[in-house]
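# Breakdown of the fold
For reference, the chains in residue letters:
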Amino acid sequence: MTGVNEIRRTFLDYFGRNDHEIVASSPLVPHNDPTLMFANSGMVQFKNVFTGLETRSYQRATTAQKCVRAGGKHNDLDNVGYTARHHTFFEMLGNFSFGDYFKDHAIELAWSLITKEFGLNPDRLLVTVYSEDEEALGLWKAIAGLPDEKILRIPTSDNFWSMGETGPCGPCSEIFFDHGDHIPGGPPGSPDEDGDRFIEIWNLVFMQFEQVSPDERLALPRPSIDTGMGLERIAAVLQGTHDNYRTDLFGSLIEASVEATGRPADGDASASHRVIADHLRASAFLVADGVLPSNEGRGYVVRRIMRRAMRHAELLGANEPLMHRLVPTLVREMGAAYPELVRAEALIRDTLENEEVRFRQTLSRGLALLLSESEHLGPGDTLSGETAFRLYDTYGFPLDLTEDALRARGVAVDHAGFQTAMAHQRAEARKAWAGSGEAADEAAWFELREAHGATEFLGYHALSSEGQLLAIVKDGAPVETIYAGETAALILNQTPFYAESGGQQGDTGVIRAAAGAALGRVTDTVKRAGSSHVHEITVETGTMTVGDSLELFVDHERREHLKGNHSATHLLHESLRRVLGDHVAQKGSLVAPDRLRFDFSHPKPIDMEDLARVEDMANAVVQQNVPVETRVMDIKDAMSRGAMALFGEKYGDEVRVVEMGSPDATAPDKPFSLELCGGTHVTRTGDIGPIAILSDAAVSSGVRRIEALSGESARSYLRTQDQRLRDLATLLKVPSDQIETRISQVIEERRKLERDVESLRTKLAMGGAGSPNVTSNESIAGVPFLSRIVDGVQPKALRSIVDQMKTTLGSGVVAIVARSDGDKAALVVGVTSDRAHDISAVDLIKPGAEALGGRGGGGRPDLAQAGGPDADQAEAALAAVRDQLEVVARAAVRSAT
């Protein structure tokens, strides 16, 4: 039992046999902690359970939790690849007790697992305890039989855990493995503790206190257990190595990298292969959990991770995008434990490939910037730290890459300036980072939910009901009564009002007193603390008091429109998957009464034919007019049936499954659409009415958005479009089925007219009959000079006109100014080939451009072009060119003599 997958399974099964609920890993994006960018430990998903804000159906749990530490407080990114144990992505094995067992059983379970299930030699283990925790010291002696020299007292915060400045806290007990005296390092607490000999493999947190203030700590009434064992570390121990990257999982990933690049795993290429293997895992899992590369927040972090790996792929000599070619190996190794990798494989692959293509373009621009900023530097000079940081931050150039590029020229880099710029950027990022999850005031809603329980939702089958008013919240604080003219939030024991969730907007309607004149208008319904339906209400007449019996009426017409658009969203989702591929996954949605919006993963625009196929496929299911089935079932049964779950969404043990459409040849064993969903839906697919897709557009990298209509909104839109076609046909004086042909003819006729007009303008510019243009033909210091002012000629035609004028002139200089209908003017100067060696068009055009109010001008010695905003100065521009020509020509004559 040494493979990573087997170790993970053994751990979970062991605690499962010991009455622990095996809980699936939560997504990497926390939903319950506004302070975290990513889940970075196993206890994150249980935070509200430990603090008492949330209860679960079990008191013992075990998990293998996905974790990322690559941004914010926990950032190991720069160390990855160069040490034996730093990772951006890792798996944390853990067991948890929520007020059930405590220190004695936690120590007993841990010791039995490590020494019996995993078979580690007790002689190679030692433990640490907090110096004041005499209880833990005694238990380790009694349960594990460890002598005093194997139990180390640690007086520092390393062995005392706290959730924050206040909140649950308690002493820790860490288990260390001794890799042997052939590896440098000392035991924990010694001067050499940072060596690699003694490695922490498991931390047991005894959560027994609550820090209520900096000076006051109280005993918790129900002490709890939180443990964490790094899967990568214990795998290294069980596989006989002190290096995580030499385990079977990383070995497979590194082998794939070696095969793809042709560079050996050891030697100079070692760190690059390790970076690629580690960052591949982090990138893939983040994408699978809905985090796509962007320039802010989490997307910025995943982009940095991807690009660091891609830079190392480039260092290994990969001439083509590499990372996406390694995804199948990762899915083969980890897909069984984490099926989200399998579901998102195509999206991960496409995202990595697109990002690497863009990064390779960015890399070339970064190298160009480095050359531009350093070309004036020589041996002994120093590149500014600000420039080095700009290369690092914008183009993904680590400091060592910049130093390597400059080393051959003897140019150093200002390290202190680099670190100053880095510190400034981190400070700005901390200020800008707003975190995630529920707002801080959510604690008050958890308290209300714990006091009153979850709201019973009646709205699947009823649009009106009675309910008892359990709580009123006004301006963030509970009150007993609200009066006419006031706004507040109400919680009732039951309600037909749907609370905004899953993209579907919350219901509106009316609440009135069952007895009395009180009447309030519900403007929105939202969900708080997971299961409390909160009605945002404005009281129009009378008063409402906690304990009142109320009558609730949902706006029926609005709800019907919401149901139709929500059901249409499901059909579009499945249609997109069937037309574009299984990588399509919902990334967000809006279900409003008048429209719907659906965001989904897809790396490129959808062509019109595919968009039409999606629309036709969804409408075909509408036309089936079959019943829409909803049922509540165990989540495992739902997933086994093929029900689609949303990436990053957290589900309970029981889920609501919505089925739409008849089975077909592509999936004969299940309906057309099968999704986990708590929203409201139509009774039959025909109730949706027609579905009309309005647009497809990019939202961010790898995410696109469809805007669509259904039902009466779609019918109204289609009627309007039909009327527009009729009006257009009338305007063009053709039948409707000939509109496209007639428009094509009109466009071609216009193009021909434009070509004819341009030809006439060119002839006039060349001095043809009736030409109104101002022309001058003279000799400047012995150089023939032909100049002209023209009107209405497009700037792009000027070069060919100048070339023709040069041919007519034979030898000398040509200058032409074209005035546009507005105030702008374009200037072109040409020099015949026999004079271009001593007279440059670039030199002549600069004063002319300045006369027009422009700056500079560019081109070649024989032809240059510029422009300016002041067409009234056309003659002055030619005079400036003439004067500059005289200066240049006389200088050329002096040089020749």
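Residues numbered from 1 in each chain as written. Predicted model: local features only at pLDDT ≥ 70, side-chain atom pairs only at ≥ 80, totals over all residues. Heavy atoms only, no water.

### Describing the overall build of the protein chain
A count of helical and extended segments in the protein chain gives 23 helices and 37 strands. With respect to the three principal axes, the spread of C-alpha positions in the protein chain is 110 × 80 × 60 Å. Taking the contacts inside the protein chain whose residues are at least 6 apart along the sequence as the reference set, 67% of them involve residues at least 24 apart. With an accessible surface of roughly 40500 Å², the protein chain has 48% of that area assigned to carbon and sulfur atoms. (Helix = DSSP H or I, 4+ residues; strand = E, 2+ residues; numbered from the N terminus. Contact = heavy atoms within 4.5 Å. Areas by Shrake-Rupley, 256 points an atom, 1.4 Å probe, with all protein chains shown as cover.)

### Details of the sheet that holds strand β27 (residues 629–634)
The strand order across the open sheet formed by 3 strands is β27-β28-β29, and the pairing between neighbours is antiparallel. The sheet is open, and its two borders are formed by β27 and β29 (673–676), each paired with just one other strand. Neighbour-to-neighbour, the strand axes of the sheet open up by a mean angle of 25°, direction not taken into account. (Pairing = 2+ DSSP bridges. Axes fitted to C-alpha atoms, helices over the stretch in contact; angles between N-to-C directions.)

### Comments concerning unusual backbone geometry
What you tend to see is this: most non-glycine residues have negative phi, and most peptide bonds are trans. Even without a glycine there, the phi angle at Asp 19 is positive, about 70°. Along the chain, Asp 19 falls in the loop between α1 (4–17) and β1 (21–22). The phi dihedral of Lys 733 falls on the positive side, at around 60°, and the residue is not glycine. With respect to the element layout, Lys 733 can be found in the loop between α19 (711–732) and α20 (739–765).

### Section: the packing of aromatic side chains
In the structure shown here, the tally under the stated rule is 19 aromatic pairs. Members of the aromatic cluster, each reached through a chain of ring pairs, are Phe 46, Phe 50, Tyr 58, Phe 96 and Phe 98. Just above the ring of Phe 209 sits the side chain of Arg 217; from NZ or CZ to the centre is 5.8 Å. Between Arg 656 and the ring centre of Tyr 460, over which it is positioned, the NZ or CZ distance is 3.6 Å. (Phe/Tyr/Trp six-rings, centres within 6.5 Å; stacked < 30°, edge-to-face > 60°. Lys NZ or Arg CZ within 6 Å of the ring centre and 35° of its normal.)

### Some words on empty space enclosed by the protein
Applying the stated criterion across every chain, the model contains 1 cavity of 30 Å³ or more. Taken as a whole, the largest cavity holds about 40 Å³ of empty space. For the lining of the largest cavity, a count of residues per class yields 4 nonpolar, 1 polar and 3 charged. (1 Å grid on protein atoms, 1.4 Å probe; cavity = no way out; pocket = protein on both sides within 12 Å on 5 of 7 lines; lining within 4 Å. Points joined across faces, edges and corners; volume = space filled by probe spheres on them. Nonpolar A, V, L, I, M, F, W, Y, C, P; charged D, E, K, R; others polar.)

### Here we look at the pairing of strand β30 (residues 691–700)
In the sheet, β30 pairs with strand β31 (residues 703–710) via 8 bridges, with the strands oriented antiparallel. Residue pairing across strands places Ser 700 opposite Val 703, the latter belonging to β31. Counting the residues that bridge the hairpin from β30 to β31 gives 2 residues, and of these Gly 702 lies at a positive phi of roughly 80°.

### As for the sheet that holds strand β25 (residues 586–591)
Think of a sheet as strands paired side by side through backbone hydrogen bonds, with each pair either parallel or antiparallel. Read from one edge to the other, the open sheet built from 4 strands follows the order β25-β26-β31-β30, with strand pairing classed as antiparallel. The open sheet has two edge strands with one neighbour each: β25 and β30. Direction aside, neighbouring strands of the sheet carry axes that sit 15° apart on average. Summarising the sheet, strand β26 (residues 596–601) and β31 pair through 6 bridges and their orientation is antiparallel. Considered in β31, the bridge of Leu 596 is made with Ala 708. Relative to β30, helix α17 (residues 608–624) is tilted by about 135°, and along the sheet it contacts β30 and β31.

### A word on the nonpolar core
Soluble globular proteins tend to pack their nonpolar side chains together in the buried interior. Leu 120, Trp 140, Ile 201, Trp 202 and Ile 234 are the most contacted members of the largest nonpolar core, which totals 94 residues. A per-element tally of this core places helix α7 (residues 270–288) first, with 10 residues. Not counting chain neighbours up to four residues away, the residues in contact with Ile 234 comprise Ile 7, Phe 118, Leu 120, Ile 201 and Met 229. Ranked by size, the runner-up nonpolar core spans 29 residues in total, among them Ile 780, Val 829, Val 881 and Ala 889. (Core = buried A, V, L, I, M, F, W, Y, C linked by side-chain atoms within 4.5 Å. Buried < 20%, exposed > 50% of the residue type's maximum accessible area, 1.4 Å probe, protein only.)

### Some remarks on the pattern of salt bridges
Tallying each qualifying case throughout the model produces 45 salt bridges. Note that Arg 307 and Glu 355 form a salt bridge whose closest N and O atoms lie 3.0 Å from each other. Of this pair, Arg 307 sits in helix α8 (residues 297–315) while Glu 355 sits in helix α11 (residues 345–374), and the two are 48 residues apart along the sequence. According to the relative accessible area criterion, Arg 307 is buried, its value standing at 12%. Between Asp 791 and Arg 819 there is a salt bridge whose closest N-O contact spans 2.7 Å. Of this pair, Asp 791 sits in strand β33 (residues 783–791) while Arg 819 sits in strand β34 (residues 813–819), placing them 28 residues apart in sequence. For Asp 791, a relative accessible area of 44% corresponds to the partly exposed category. (Salt bridge = Lys/Arg side-chain N within 4 Å of Asp/Glu carboxyl O.)

### Here we look at the packing of helix α9 (residues 327–334) against α11
Following both chains from N to C, one finds α9 and α11 inclined at 145°, their axes separated by 10 Å at the closest point. Between α9 and α11 the crossing geometry is right-handed. Contact with α9, carried on its side by Val 327, Pro 328 and Val 331, involves Glu 345, Ile 348, Arg 349 and Leu 352 of α11 and no other residues of that element. (Left-handed = near helix turned anticlockwise from the far one by under 90°.)

### Some points on the environment of Asp 634
Tracing the sequence through the fold places Asp 634 in strand β27. Spatially, the C-alpha atoms of Asp 634 and Glu 654 are 4.5 Å apart, while their sequence positions differ by 20 residues.

### Structural notes on the confidence of the model for the protein chain
Any residue range with low pLDDT should be treated as having predicted coordinates unsuitable for detailed reading. On average, residues of the protein chain score 87 in pLDDT, and 92% of them reach the 70 mark or higher. In the model, residues 432–440 has pLDDT below 50 throughout and makes 18 contacts with residues more than four positions away in sequence or in other chains. Note that pLDDT drops below 50 for residues 768–772; the model gives that stretch 5 contacts with residues more than four away or on any other chain. (pLDDT = per-residue confidence, 0-100.)

### Re helix α5 (residues 231–238)
Most of α5 is tucked away, with 7 of its 8 residues classed as buried. Buried residues of α5: Leu 231, Glu 232, Ile 234, Ala 235, Ala 236, Val 237 and Leu 238, and no others. Downstream of α5 by one or two residues, Gly 240 has phi in the positive range, about 75°.

### Comments concerning the pairing of β25
As judged from the 5 bridges shared by β25 and β26, these two strands associate in the antiparallel manner. Considered in β26, the bridge of Leu 590 is made with Arg 597.

### So, the packing of α1 against helix α3 (residues 103–117)
Relative to each other, α1 and α3 sit at 135°, their axes nearing to 11 Å. The orientation of α1 relative to α3 falls into the category oblique. Of the two elements, α1 crosses α3, and the hand of that crossing is right-handed. Residues Thr 10, Phe 11, Tyr 14, Phe 15 and Arg 17 of α1 form the contact with α3, whose own contacting residues are Glu 108, Leu 109, Ser 112, Leu 113 and Glu 117. Tallied by class, residues from the contact of α1 with α3 come to 5 nonpolar, 2 polar and 3 charged. (Parallel < 35°, antiparallel > 145°, perpendicular 65-115°, else oblique.)

### What to know about the side chain of Arg 8
Looking at the secondary structure, you find Arg 8 in helix α1. In terms of polar contacts, Arg 8 uses its side chain to reach the side chain of Glu 91, at 2.7 Å. Excluding residues that lie within four positions of it along the chain, Arg 8 makes contacts with Ala 64, Glu 91, Leu 93, Leu 231, Met 334, Ala 337 and Tyr 338. (Polar contact = N/O pair within 3.5 Å; in protein donor to acceptor, adjacent residues only side chain to side chain.)

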